[in-house]
Amino acid sequence: MSSDKTVLSGPTGLDLRGRQSVRATFKLSRRAITSLSLVAVHLGIKQKSLFDHLLEDIAALNELADEVRIRQFNKIERVQKTYVLSRKTLDALDLISKDHDTPRDALVEYSIKRLESVILAEKSKHEKRKALFSDFQHYVEGGRAILDRALKTLGPQDPFCISVEKAIAMNLRARDEVMEFIEKSKIIEEF
């Protein structure tokens, strides 16, 4: 009897500690705080995940550190805000901050600034969604009118009416979901 078991390597303690959540406080502009919150809410992404995405990439942070203009950064009015991020992200941030003699806050501020292009693209899409939603409303109303005519002509027990009624119910649920998404997305209009 041979033992042909495949041995899979598991995560190391260091890997697991890197995923550990930690709290870190930064002094950021209100615009940066709003941007981060807006993208998180609008795209349904946790702020921790956004931080990890923005700050975990050492090569990108190195490039960003070279772009930081300390004098301009120091002129920005900032407020303290505490965030949850992974230990690995915080370690990467600390490393680049020390290597480039650049404040952590500046690296975070400049990293978040990269989200503005995403926000502006989403803002444009939001306006298009609102226009399309108006068309969708007319479509749903047209379906209701057809159902009303069918009910008067064929009666509520007719298979055609039953099928159309189901379709209208699905359209109404979809309309409500889209309306809820558009309402939730109104925050992007203020950016």
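Residues numbered from 1 in each chain as written. Predicted model: local features only at pLDDT ≥ 70, side-chain atom pairs only at ≥ 80, totals over all residues. Heavy atoms only, no water.

Colleague: Looking at this structure, how should I read helix α3 (residues 47-55)?
Modeller: Owing to its 3.6 residues per turn, the α-helix brings residues three or four apart onto one side. Within α3, burial applies to L50, F51, D52, L54 and L55. Each element contacted by the buried residues of α3 is listed here: β1 (21-29), α2 (30-43), α4 (58-67), β2 (78-86), α6 (87-100) and α7 (104-113). (Buried < 20%, exposed > 50% of the residue type's maximum accessible area, 1.4 Å probe, protein only. Helix = DSSP H or I, 4+ residues; strand = E, 2+ residues; numbered from the N terminus. Contact = heavy atoms within 4.5 Å.)

Colleague: Is there a simple way to explain the environment of R144 in this structure?
Modeller: By secondary structure assignment, the location of R144 is in helix α8 (residues 116-154). Each C-alpha atom of the pair R144 and N74 lies 59 Å from the other, and the pair is 70 residues apart in sequence.

Colleague: Where do I start with the packing of aromatic side chains in this structure?
Modeller: Each aromatic ring pair is described using two quantities: the centre-to-centre distance and the angle formed by the ring planes. Applying the stated criterion across every chain, the model contains 3 aromatic pairs. Considering the side-chain rings of F26 and F51, the 5.9 Å spacing of their centres and the 25° angle between planes classify their relative orientation as stacked. Pair noted here: F26 is in strand β1 and F51 is in helix α3, with a separation of 25 residues, a long-range link. Aromatic side chains F136 and Y139 sit 5.9 Å apart centroid to centroid with 20° between the ring planes, which places their arrangement in the stacked category. Here Y139 and F136 lie together in helix α8, a separation of 3 residues that amounts to about one turn. Overall, the relative accessible area of 52% leaves Y139 in the exposed class. Aromatic ring contacts, followed pair by pair, group F26, F51 and Y83 into a single cluster. Above the ring of Y83, the side-chain terminus of K81 is found at 5.8 Å from the ring centroid. (Phe/Tyr/Trp six-rings, centres within 6.5 Å; stacked < 30°, edge-to-face > 60°. Lys NZ or Arg CZ within 6 Å of the ring centre and 35° of its normal.)

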